Structure formats: structure tokens, C-alpha cells
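Chain and residue survey
So the chains spell out like this:
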Amino acid sequence: MHDADFLRLKSLTLSYNLPKSILNKVKISNTRIYFNGMNLWTLAAYKVYDPEVNEYGSRGWETPIGKTYTFGVEFSF
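**Things to note about the environment of Met-38**
Position of Met-38 among the secondary structure elements: in strand E2 (residues 30-44). Under the relative-accessibility criterion, Met-38 is labelled partly exposed at 32%. Separated by 27 residues in sequence, Met-38 and Ile-65 place their C-alpha atoms 9.4 Å apart. Those residues in contact with Met-38 that lie beyond four places of it in its chain are Lys-10, Ser-11, Gly-66, Lys-67 and Thr-68.

Here is the structure:
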């Protein structure tokens, strides 16, 4: 038997809405700047394997799921 405890930051979203005082000057009603991250951090005894899947699971003993970073800007007129 092996220790299967783990801690994971699976999803994180940060966003900032620009102040209306700046946007009114350029005739934009809303602007949001955002960052979204998936599978950002995992603390586990075994660094190579995905701790959420047992050795007989559908994914098996594959390498962990990759990290995804998304940055964006949304405008509303």
C-alpha cells in the first residue's frame, strides 16, 4: 500500500473590471481582463502520476494532465 494523499489547485480564475471613468472616455461600457488556469499545482507523494486515478482507472498510470493558461480581454460596447 502507498500513501495516496494529495492536494491540488485544479482551477483558478482572476479578473479585473476597468473603472467606468476610464471607459466612458472611449465609449466602452465594460472591459474585463482575466486569467484562467487549470491544473496549476499538485502536491503528492509521487510527482509523475496523476493521484486522482487509481492504477486500474480509465486513464491508468499515465503522466499528469497538462497545465492550461488562458489570458483574455472582454469588451462590451
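So, next bit.
**Section: the packing of aromatic side chains**
For the structure shown, the criterion picks out 3 aromatic pairs. Each ring, one from Phe-35 and one from Phe-71, has its centre 5.0 Å from the other, and the planes form 45°; the classification is tilted. Within this pair, whereas Phe-35 is found in strand E2, its partner Phe-71 is found in strand E3 (residues 68-76), the two being separated by 36 residues in sequence. Residue classification places Phe-35 among the buried residues on the basis of a relative accessible area of 17%. Its relative accessible area of 64% is what places Phe-71 among the exposed residues. Here a set of aromatic residues connected by ring pairs shows up, and it is made of Phe-35, Tyr-69 and Phe-71.

**Some thoughts on the pattern of salt bridges**
With the rule as written, the count across this model stands at 1 salt bridge. The residue Glu-74 makes a salt bridge to Arg-32 at a minimum N-O spacing of 3.1 Å. Here Arg-32 lies in strand E2 and Glu-74 lies in strand E3, a separation of 42 residues in the sequence.

**Description of the sheet that holds strand E1 (residues 6-17)**
The strand order across the open sheet built from 3 strands is E1-E2-E3, with neighbouring strands paired in antiparallel fashion. The sheet is open, and its two borders are formed by E1 and E3, each paired with just one other strand. The average undirected angle you get between the axes of adjacent strands in this sheet is 10°. In terms of strand pairing, E1 meets E2 through 11 bridges, oriented antiparallel. Counterpart to Tyr-16 in the pairing with E2 is Ile-33.

**Focus: the pairing of E2**
Bridge count between E2 and E3: 9 bridges; the pairing is antiparallel. When the sheet's bridge partners are listed, Arg-32 is paired in E3 with Glu-74.

Rules used throughout
- Residues numbered from 1 in each chain as written.
- Predicted model: local features only at pLDDT ≥ 70, side-chain atom pairs only at ≥ 80, totals over all residues.
- Heavy atoms only, no water.
- Helix = DSSP H or I, 4+ residues; strand = E, 2+ residues; numbered from the N terminus.
- Buried < 20%, exposed > 50% of the residue type's maximum accessible area, 1.4 Å probe, protein only.
- Contact = heavy atoms within 4.5 Å.
- Phe/Tyr/Trp six-rings, centres within 6.5 Å; stacked < 30°, edge-to-face > 60°.
- Salt bridge = Lys/Arg side-chain N within 4 Å of Asp/Glu carboxyl O.
- Pairing = 2+ DSSP bridges.
- Axes fitted to C-alpha atoms, helices over the stretch in contact; angles between N-to-C directions.

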